[in-house]
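Geometric and topological summary
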Amino acid sequence: MKAVNGRLILLAMLLAIVELTQAIDLQHLEEKAMQVAKECVKETSLSSDEVKLFMENAKKEIDEMKFTDKMKCYMSCLYKKVGIFDANGKPKIPELTKFLEERYKNKKDKVKPAMMKCAAMNDPNLCEHVFKFEGCIAKEIMGK
């Protein structure tokens, strides 16, 4: 996997926040998303340059080599805080299934097979684990 689709990652994070927090009020949703993002930036010590890279590349592919360890940990933090991964970096299958079926509405039939394959992945580094899982899901569902 040479590139990670940054747009899908950002969309995944936002959809997870929308779906799993079940916020009705858009302002509340935006506040919650900002709160979670700020918490994760603080927890991971993500630099302003890394935040900028993450956001600038949200609409195009991010070269895997440019995806820093801190960016991987930021993604892990977001996934945990929105409730699709547990504290140990393991996917919460019911929540993740719902999230992925919403994220990939036109490819729902590919979600469960992809999850079966990708959920079996394991990396002792939790940040790397979530990053590899995300890449696996995108590859299995989108063929990238």
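Here, every reference points to the structure presented above.
Computed from a prediction, not measured in an experiment: that's the story for all the values here.

1. Some remarks on the side chain of Asp123
Examined against the element boundaries, Asp123 turns out to sit in the loop between helix H6 (108-119) and helix H7 (126-142). Within the structure, Asp123 has its side chain in polar contact with the backbone nitrogen of Asn125 (distance 2.9 Å). In this structure the side chain of Asp123 is engaged in a polar contact, spanning 2.8 Å, whose partner is the side chain of Lys132. In contact with Asp123, not counting residues within four places along its chain, are Glu128, His129 and Lys132.

2. Points about the packing of helix H5 (residues 93-103) against H6
Two elements in contact, H5 and H6, have axes whose closest approach is 9 Å; the angle formed by their N-to-C orientations is 140 degrees. It follows that H5 is oblique to H6 by the angle criterion. The crossing of H5 and H6 is right-handed. Residue-level contacts link Ile93, Leu96, Thr97, Leu100 and Glu101 of H5 to Lys108, Val111, Lys112, Met115 and Ala119 of H6. Split into classes, the residues belonging to the contact of H5 with H6 amount to 6 nonpolar, 1 polar and 3 charged.

3. A look at the environment of Ala33
Residue placement: Ala33 occurs in helix H2 (residues 26-44). Sequence-wise, Ala33 and Val82 are 49 residues apart; in three dimensions their C-alpha atoms are separated by 9.3 Å.

4. With respect to the nonpolar core
Core analysis: the largest hydrophobic core is formed by 30 residues, its most contacted members being Tyr74, Tyr79, Ile84, Leu96, Leu100, Tyr104 and Ile137. Those elements that provide at least two residues to this core are H2, helix H4 (69-81), H5, H6 and H7. Element by element, the count of residues in this core is highest for H7, at 7 residues.

5. Overview of the pattern of salt bridges
Tallied over the entire structure, the rule returns 7 salt bridges. Measuring nitrogen to oxygen at the nearest pair gives 2.4 Å for the salt bridge that ties Arg103 to Glu134. With Arg103 in helix H5 and Glu134 in helix H7, this pair connects stretches of sequence that are 31 residues apart. Look at Arg103 and you get buried, because its relative accessible area is 8%. On the accessibility criterion, Glu134 (2% relative accessible area) is buried.

Thresholds applied
Residues numbered from 1 in each chain as written. Predicted model: local features only at pLDDT ≥ 70, side-chain atom pairs only at ≥ 80, totals over all residues. Heavy atoms only, no water. Helix = DSSP H or I, 4+ residues; strand = E, 2+ residues; numbered from the N terminus. Polar contact = N/O pair within 3.5 Å; in protein donor to acceptor, adjacent residues only side chain to side chain. Contact = heavy atoms within 4.5 Å. Axes fitted to C-alpha atoms, helices over the stretch in contact; angles between N-to-C directions. Parallel < 35°, antiparallel > 145°, perpendicular 65-115°, else oblique. Left-handed = near helix turned anticlockwise from the far one by under 90°. Nonpolar A, V, L, I, M, F, W, Y, C, P; charged D, E, K, R; others polar. Core = buried A, V, L, I, M, F, W, Y, C linked by side-chain atoms within 4.5 Å. Buried < 20%, exposed > 50% of the residue type's maximum accessible area, 1.4 Å probe, protein only. Salt bridge = Lys/Arg side-chain N within 4 Å of Asp/Glu carboxyl O.

Interpretation note: all reported values are geometric properties and have no functional meaning in isolation.
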